[in-house]
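What the coordinates show
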Amino acid sequence: MKIQVLTIFPELFGSFLKAPLTARAIANGSLELKIIDIKDYATGSFRHIDDSPYGGGAGMILKCQPVLDALHAAESPDSWRILLSPSGKPYDQKHAHELLTKKDLILIAGHYEGFDARIEAEADEWISTGDYILSGGEIPAMTIMDSMIRLLGGTIRAASTEEESFEDGLLEYPQYTKPRIYEGMQVPEVLLSGNHEAIRRWKLKESLRRTLEHRPDLLKDRKLTKEETELMEELQNELSNPRD
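What you see is a predicted model, and the numbers here were worked out from it, not measured in a lab.

Basis of the calculations
Residues numbered from 1 in each chain as written. Predicted model: local features only at pLDDT ≥ 70, side-chain atom pairs only at ≥ 80, totals over all residues. Heavy atoms only, no water. UniProt positions renumbered as here; feature names shortened; annotations may be inferred. Helix = DSSP H or I, 4+ residues; strand = E, 2+ residues; numbered from the N terminus. Buried < 20%, exposed > 50% of the residue type's maximum accessible area, 1.4 Å probe, protein only. Contact = heavy atoms within 4.5 Å. Pairing = 2+ DSSP bridges. Axes fitted to C-alpha atoms, helices over the stretch in contact; angles between N-to-C directions. Phe/Tyr/Trp six-rings, centres within 6.5 Å; stacked < 30°, edge-to-face > 60°. Lys NZ or Arg CZ within 6 Å of the ring centre and 35° of its normal. Salt bridge = Lys/Arg side-chain N within 4 Å of Asp/Glu carboxyl O. Core = buried A, V, L, I, M, F, W, Y, C linked by side-chain atoms within 4.5 Å. Domains from an automatic or database assignment.

**Overview of the UniProt feature "binding site: S-adenosyl-L-methionine" (unreviewed entry) in the protein chain**
Here, UniProt's "binding site: S-adenosyl-L-methionine" (unreviewed entry) annotation points to Gly-110. Positionally, Gly-110 belongs in the loop between β6 (104-109) and α5 (117-120). By relative accessible area, Gly-110 is classed as buried at 8%. The contact partners of Gly-110, leaving out residues within four places of it in the chain, are Leu-62, Phe-115, Gly-136, Gly-137 and Glu-138.

Structure follows, in structure tokens:
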């Protein structure tokens, strides 16, 4: 797939381009990534990319001319144009999979106090990575790209992503490695049993437990399977009758 990022700070992406997963995806041909400097499209003697808003207001906003010229130079008939904005739809793992179906993504990273509204009108969708304000859209752009790149074939093993948090709508179960006992804390015996079915059931139960404790909102509209219902009943009994 092809991803292009429009930004006024292309230097912020230097380390991201060299990161192992990104470099691997580019090397094996599964990703074409291009960082476009909006400043290259600024006109006039001073090549201004921002200005004060009509009607007054604090701060400066990005001008439509350099951003839209950069966008039009980058786009193709297959382009899906994404505006990174706190006003956008919250981003999640399901959305990452949906974006993987696009052939050519263009991420528009804002800065300062926002965009001229005529830039917003050119986007196919708006995306937000959370209910907070950052100084620019570069970090959200990297967040979205990283979440997608790791799902591309040939970057990491498929098994490594299939059981991660949010892939099935639940948080991931706790994991352990050596030593078996550390400062009195032990690895659960079931994980050492070699009983694959018991381990699978334990993992599912612990995923449900973590989700119930930390992200109960994820369970609100979930249609539980028969097994999940049984495990939830076990968890509710454990919570109602905690061990001394």
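**A closer look at the environment of Met-1**
Take Met-1: it is sitting in the segment before β1 (2-7). Judged by relative accessible area, which is 21%, Met-1 ranks as partly exposed. Sequence separation between Met-1 and Pro-77 is 76 residues, and the spatial gap between their C-alpha atoms is 14 Å. Excluding anything up to four places from it in sequence, Met-1 contacts Ser-30, Leu-31, Glu-32, Leu-99, Leu-100, Lys-102, Lys-103, Leu-105, Met-148 and Leu-152.

**Describing the sheet that holds strand β2 (residues 32-37)**
The five strands lie next to each other as β2-β1-β6-β5-β7, forming an open sheet whose pairing is parallel. Since the sheet does not close on itself, it has two edges, and those belong to β2 and β7 (125-128), each with one partner. When strand polarity is set aside, the average angle formed by the axes of neighbouring strands in this sheet is 30°. Note: β1 against β6, five bridges, orientation parallel. Paired with Lys-2 across the two strands is Asp-104, which belongs to β6.

**Side note on the packing of aromatic side chains**
A complete count under the given rule lists zero aromatic pairs for this structure. The ring of Trp-80 carries Lys-102 above its face, with NZ or CZ at 3.9 Å from the centroid.

**Considering the pattern of salt bridges**
Going through the model one piece at a time under the given rule, you end up with 17 salt bridges. The partner of Arg-118 in a salt bridge is Asp-116, with the nearest N and O atoms 2.7 Å apart. Taking relative accessible area as the criterion, Arg-118 reaches 51% and is therefore assigned exposed. A salt bridge links Arg-209 to Glu-238; its shortest N-O distance comes to 3.0 Å. Of the two residues, Arg-209 sits in helix α8 (residues 196-214) while Glu-238 sits in helix α9 (residues 226-240), which places them 29 residues apart along the sequence. Among the residues examined, Glu-238 registers a relative accessible area of 32% and is labelled partly exposed. What emerges from the salt-bridge pattern is a single network uniting Glu-197, Arg-200, Arg-201, Lys-205, Glu-206, Arg-209, Glu-227, Glu-230, Glu-234 and Glu-238.

**With respect to the nonpolar core**
Counting 25 residues, the largest nonpolar core has Ile-3, Leu-84, Leu-99, Leu-107 and Met-145 as the members making the most contacts within it. Looking at this core, the elements with two or more residues in it are β1, α2 (20-27), β5 (79-90), α4 (93-99), β6 and α6 (138-149). Looking at which element gives the most residues to this core, the answer is α6, with six residues. Excluding residues that lie within four positions of it along the chain, Ile-3 makes contacts with Leu-31, Glu-32, Leu-33, Lys-34, Leu-105, Leu-107 and Met-145. Counting residues in each nonpolar core, the second largest holds 19 residues, with Val-67, Leu-68, Ala-70 and Ile-106 among its members.

**Section: the domain arrangement of the protein chain**
Here the protein chain is partitioned into domain 1 (2-157) and domain 2 (181-240). Look at where the C-alpha atoms of domain 1 and domain 2 centre, and you get two points 38 Å apart.

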